[in-house]
Each structure stands twice: as C-alpha cells, then as structure tokens.
Amino acid sequence: MPRFAANLSMMYTEHDFLDRFAAASADGFEAVEYLFPYDYEADELRRRLDDHGLRQVLFNAPPGAWDSGERGIASLPGREAEVRSGIDRALEYAAALDCGQVHVMAGVVPADATPTQLAAHRDTYLANLAWAAARAATVGVDLLIEPINGRDMPGYFLRRQAEAHSVVQEVGAPNLKVQLDLYHCQIVEGDLTTTLRRDLPTGRVGHLQIAGVPDRHEPDRGELDIRHLFDVVDELGFDGWIGCEYRPRAGTSEGLGWIANYRGENA
C-alpha cells in the first residue's frame, strides 16, 4: 500500500506553519515534507515531529533568492560557493530532523540562452551535484533532482524524466536520485503508467509526488486516474513515500476523502 506524506507548504495553510504538524497527524498522516525549513530552528521542527509522531521525509536545499524569483542555483555558473554552503546548511537540518532526502533545485535559465550557455549550465549542474552527493553520502543522505514543468516554473533547467535520469547516471553517485512528480510529468510528457513501469524498477527514483492535473488540487480531481497509478506503484513494490504536493480546493481535511476511498477499496 503506498505511503502518503503531507506537504505542509501547500496543505493545511488554514493553520500557521508550526501548527500544521498537529493537523496532519490528526488526519492520520505519518510523514511530512515541505519546501524549506530555514525560517525555523531545527530543534523546534524536531519537537513538532516528535510531539505528533511524524517523520520528516523531504525538504529542499536553499534555493537562492526565492522571493526574487530564483528557483535553485545548482545549474547557475558562478554560484558554486553558495551551492556548497547551502548544501552544508541543508545537511545540518537533515541530521537534526532525521531526514534522509534533500531536493536540490537546478534553477532557471534565460529564455534566450545559447547552446553554448546551456552546455555551461549543464556542466555546472553536474559538477555541483557530484560534489553535493559526495558530501551528503558522508552523513547518509540522498539528494534528489526533480523535472518541473515550464508552465508553473518557466525556464526551469530540468523538465523531462529522461534528462533527470541521464544526469543521475552521468554523475554516478548512488545517493543521487530522481524525484518523480506525477503532476509535472503529466503536464510535460504524460504516459505516466509507462514512466512508472520504466523508471521505478531502476532504483533511481527516490520519491514520488502527486497532485490533480491541471489545477493542482486534490489528486482525484482532474485528468489523472490516481487509483490506477497507485496500484501500479504498489505492484512495482516502491517502498518510498508519495508526497501530497497539492493545493486543497476548500479545507485540507475536508478534501482527504481520496485517501480513505483508495485505502478502503484496496483493504
């Protein structure tokens, strides 16, 4: 049976952030993820996890100037020192939160970037990921990279699953894996069943995420057959977590019937 983690950056926004842990636990979640922990002391986040019996399964490394539109810096030439300091900070939080996975965002490239410039971005990306993966391996943390659709995040460097798997294979670090978000994948390339059956058995996928397409609401709203997709994930024996990275239409708890329905039908 797939295991679901509440994404506290998108879910339970009717509560203050630190109160979302309790709300997720009350709804039966056993794990959480979110974008960034850095506005809070690690000890406070650890306390919220422990108080509510939750596991932290994912968060992102520092992304650069997020409020100014940056969406990661790992592929941006000239930002290598900032990447390294950010990875070290993320790994400190990962240790405190007992979190085994950190997502490293690639960043946005200019729309008019030339092939030579794009090659420089890719070289920078590979070098930064190789360094970061080696650093993370010393503390038992997996790093993840995620293809993101260009509608939600125009200009994002990494968009397609094949590109992500190529990067992982080229870097060659066993703790560098792909974060497969079925929402982004459906928008960019579709064919989700084939993608799952092709990529999950490789062992290169460390984490899944889900949301309804096209509006990013509950995953049972829109064009995805989530019962079928969850069954495929189950059949393939994926033992990671599925992050619920969606924006509830009207109240987080009120929209969780899709989990109860799936579990009830597959009990």
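Here, every reference points to the structure presented above.
As the structure is a computational prediction, the values presented were derived from the model and not from experiment. (Residues numbered from 1 in each chain as written. Predicted model: local features only at pLDDT ≥ 70, side-chain atom pairs only at ≥ 80, totals over all residues. Heavy atoms only, no water.)

Further remarks concern the sheet that holds strand E3 (residues 55-60). Pairing is parallel in the closed barrel, where 8 strands are placed in the order E1-E2-E3-E4-E5-E6-E7-E8. Each strand axis lies, on average, 30° off the axis of its neighbour in the sheet, ignoring direction. Note: strand E4 (residues 101-103) against strand E5 (residues 142-145), 3 bridges, orientation parallel. When the sheet's bridge partners are listed, His103 is paired in E5 with Leu144. (Pairing = 2+ DSSP bridges. Helix = DSSP H or I, 4+ residues; strand = E, 2+ residues; numbered from the N terminus. Axes fitted to C-alpha atoms, helices over the stretch in contact; angles between N-to-C directions.)

Under the definition given, this model contains 13 aromatic pairs. Where Phe17 meets Tyr34, the ring centres are 5.3 Å apart and the plane angle is 75°; that geometry is what we call edge-to-face. Separated by 17 residues along the polypeptide, Phe17 in the loop between strand E1 (3-7) and helix H1 (20-26) and Tyr34 in the loop between strand E2 (31-33) and helix H2 (42-51) bring together distant segments of the chain. Residue Tyr34 is classed as buried on the basis of its relative accessible area, which comes to 2%. Judged by centre distance (6.3 Å) and plane angle (85°), the ring pair of Tyr38 and Phe59 falls under edge-to-face. Here Phe59 lies in strand E3 and Tyr38 lies in the loop between E2 and H2, a separation of 21 residues in the sequence. Phe59 matches Tyr38 in its accessibility class, with the two residues each being buried. (Phe/Tyr/Trp six-rings, centres within 6.5 Å; stacked < 30°, edge-to-face > 60°. Buried < 20%, exposed > 50% of the residue type's maximum accessible area, 1.4 Å probe, protein only.)

Summed over the entire model, instances satisfying the criterion amount to 1 cavity of 30 Å³ or more. Empty space within the largest cavity amounts to approximately 70 Å³. Lining of the largest cavity is provided by Ala61, Pro62, Pro63, Gly72, Ile73, Ala74, Val83, Gly86, Ile87, Val104 and Met105. Of the residues that constitute the lining of the largest cavity, the class distribution is 9 nonpolar, 2 polar and no charged. (1 Å grid on protein atoms, 1.4 Å probe; cavity = no way out; pocket = protein on both sides within 12 Å on 5 of 7 lines; lining within 4 Å. Points joined across faces, edges and corners; volume = space filled by probe spheres on them. Nonpolar A, V, L, I, M, F, W, Y, C, P; charged D, E, K, R; others polar.)

The subject of this paragraph is the nonpolar core. If you look at the biggest cluster of nonpolar residues, it comprises 83 residues, and the most contacted ones within it are Phe21, Phe29 and Phe59. Excluding its chain neighbours within four sequence positions, the residues that come into contact with Phe21 are Leu8, Val32, Tyr34, Leu45, Arg48, Leu49, His52, Leu54 and Gln56. Ala31, Val57, Leu58 and Leu144 belong to the second-largest nonpolar core, a separate cluster that totals 6 residues. (Core = buried A, V, L, I, M, F, W, Y, C linked by side-chain atoms within 4.5 Å. Contact = heavy atoms within 4.5 Å.)

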